[in-house]
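Each chain, letter by letter, is given below.
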Amino acid sequence: SGAERAAERLLLAALCSVCQALQDGMLFPTESPSREVKDVSGLWIFRADESPERSRGFEQQWYKSPLAETGPVIDMPVPSSYNDITQDAQIRDFIGWVWYEKDVWVPARWIQDRGTRIVLRVGSAHYYSVLWVNGVKVTEHVGGHLPFEADISGVLRQTSGNQCRITIAVNNTLTLETLPPGTIQYMTDRSRYPAGYFVQNTNFDFFNYAGIHRPVLLYTTPKAHIDDITVETTFSDNIGLVSFNVSVLGSSKAAVKVTLSAQDGRCVASADGSRGVLKVTDVNLWWPYLMHENPAYLYSMEVKDGQTDVYTLPVGIRTVKVTSTQFLINNKPFYFHGVNKHEDADIRGKGFDWPLVVKDFNLMKWMGANSFRTSHYPYAEEILQMADRHGIVIIDECPGVGIKDIRSFGNVSLAHHLTFMEELVRRDKNHPSVVMWSVANEPASEMPPAGFYFKELVSHTRSLDSSRPVTYITASNYARDLGAPYVDVICVNSYFSWYQDPGHTELIGLQLNTQFDNWYGKYQKPIIQSEYGADAVPGLHSDPPMMFTEEYQKTVLQNYHNVFDQKRKEFVIGELIWNFADFMTSQSIIRVVGNKKGIFTRQRQPKAGAFLLRERYWRIANETGVLNTIKLEQEYPLRFIL
């Protein structure tokens, strides 16, 4: 159809522009003596383009005038998904272009000082975005979970006054070449569907929330500014080494000075030059939560470019290594006992929300979780910063979920996937909490093109960052998985007694042992059980246990745990429950208002499985023998009830 072809043309054009934009860094905006940040999130106005081709906004150039002059508009909070904000089912399920607008005041001194860069940054918008300032297009971006930005200094200085009208058009349409992929299906049976009726088909089990999901910021830098910083760390005995590489733009004579300070403010190392190595004596390593009595130690690295720019980056000194049977952090065996999550909550959808983030971290620490996977897309940068500060280990996943159609293994898809990994590594490379990259979840990795596809994808990711292992999450048959030979860690999803042999928990032990032995026997690589679980409707009970009850979920977990306890003595290096909390999905006959596999409800209240996991995770943590159990019991007492 015309709409599909138009979407494909826009996607290809955006891919080209993204590839060009990757030369620049993507440091998180922070204030400093040389930088200011103005959050322009809040209440925006909103309009969905409900024209049959979803193209009226572009045809009528809605970006050239105030959006309210183009037709009816409504209030829309940013950040949030637009889907659950109104009482309109059409908005909830809308596919196509939506338009956001906000008028903001830019400080006069920013505009008057021509030595100041003014940058507009969107934390993320799902999925494809075009951005205008005062009617002038400044950038576009493809991909729903990573930031994009534009230098708008020139645009602002060409217009009179300090008012800035920001217009953002966002399209959530998914095609065979997007991540995640999808298809638009037009229904042609006129006895059942009206003309032009279409649906968005996907192969993933979470709601396709859309909108501006993370904060929108204006920030400044000097014209000559620190554009990017790359840090890699290692240690030997009590000496820590911090390798750094600083990129400065706008100046041909950069005079970079780097200073590393301890948490008490003492300078522990310094160096001149844009690249070098800082040597730290009596180093405090960054340790995961529950692995050390002083976890998550962060140094502060101040980078100065002469007298013009200052940027401060938290730095955790730690190493990551993988053997055939172990995952090592700081040369010590690390066992993942954690969760899979979603950015998902009532009303706000995938919109970033600080109260929710802090609550989730409190719950993870309460239950003794030391890790989580960003299933199935990169999470907000603020979440990774929280993980750095609290010592929660992260498997950082790109949105390569639902790659089931052979056409999604083509060259366009691969190019987009490679570019997405470049953007992801560029954003998250300096976070000590990030210990592994995941390039996909449950792809059709037995299809013939998958071998070449994942060989290229894994190899490219390693070339971007050689300090972290690379994996993808598989649910394929071990003997036919064409991507497994290339990854460093085998991550396996399985749902014995749920999707296979439903109701028969007595089979879990045999089937799970067989799974582990087959995968390890063929590939000789450590294994993480990256998903397992069962739906439990909160408050639904049955004895003997029956599916969808809290007792059944608990029984499934106990049977898995029995096998984990055997295999973690050999080559299993982790277990991640699916899921931390219930989450929304599209409507179907197998989902009752969303997926109920959470050990917490969507409102973050515990089911029986949460207490089972809490007891287990604390017991595993205490086995290491390095914890001050009394101190931790006082902070998170096992008697504590939510």
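Residues numbered from 1 in each chain as written. Predicted model: local features only at pLDDT ≥ 70, side-chain atom pairs only at ≥ 80, totals over all residues. Heavy atoms only, no water.

### Some details on the environment of Y100
Summarising the element assignment, Y100 is placed in strand β4 (residues 97-105). Taking the relative accessible area as the measure of exposure, Y100 reaches 0% and is therefore buried. Taking the C-alpha atoms as reference points, Y100 and V489, 389 residues apart in sequence, are found 42 Å from one another. (Helix = DSSP H or I, 4+ residues; strand = E, 2+ residues; numbered from the N terminus. Buried < 20%, exposed > 50% of the residue type's maximum accessible area, 1.4 Å probe, protein only.)

### Regarding the sheet that holds strand β15 (residues 225-236)
Pairing is antiparallel in the open sheet, where three strands are placed in the order β15-β16-β19. Since the sheet does not close on itself, it has two edges, and those belong to β15 and β19 (275-281), each with one partner. In this sheet, adjacent strand axes meet at a mean angle of 20° when their direction is disregarded. With 11 bridges joining them, β15 and strand β16 (residues 239-249) adopt antiparallel strand pairing. Its bridge partner being in β16, T230 is matched across the sheet by N245. (Pairing = 2+ DSSP bridges. Axes fitted to C-alpha atoms, helices over the stretch in contact; angles between N-to-C directions.)

### Details of the packing of helix α8 (residues 411-428) against helix α9 (residues 450-464)
Between α8 and α9, whose axes approach to 10 Å, the crossing angle comes to 25°. When the axes of α8 and α9 are compared, the pair comes out roughly parallel. Every pair of crossing elements has a handedness; the one defined by α8 and α9 is right-handed. On α9, the residues that touch S413, L414, H417, L418, M421, E422 and V425 of α8 are F452, Y453, E456, L457, H460, T461 and L464. (Parallel < 35°, antiparallel > 145°, perpendicular 65-115°, else oblique. Left-handed = near helix turned anticlockwise from the far one by under 90°. Contact = heavy atoms within 4.5 Å.)

### Focus: the confidence of the model for the chain
Of all residues in the chain, 93% have pLDDT values of 70 or greater, and the mean over the chain is 93. Note that residues 1-22 has pLDDT below 50 and, in this model, 32 contacts with residues that lie over four places away or in other chains. (pLDDT = per-residue confidence, 0-100.)

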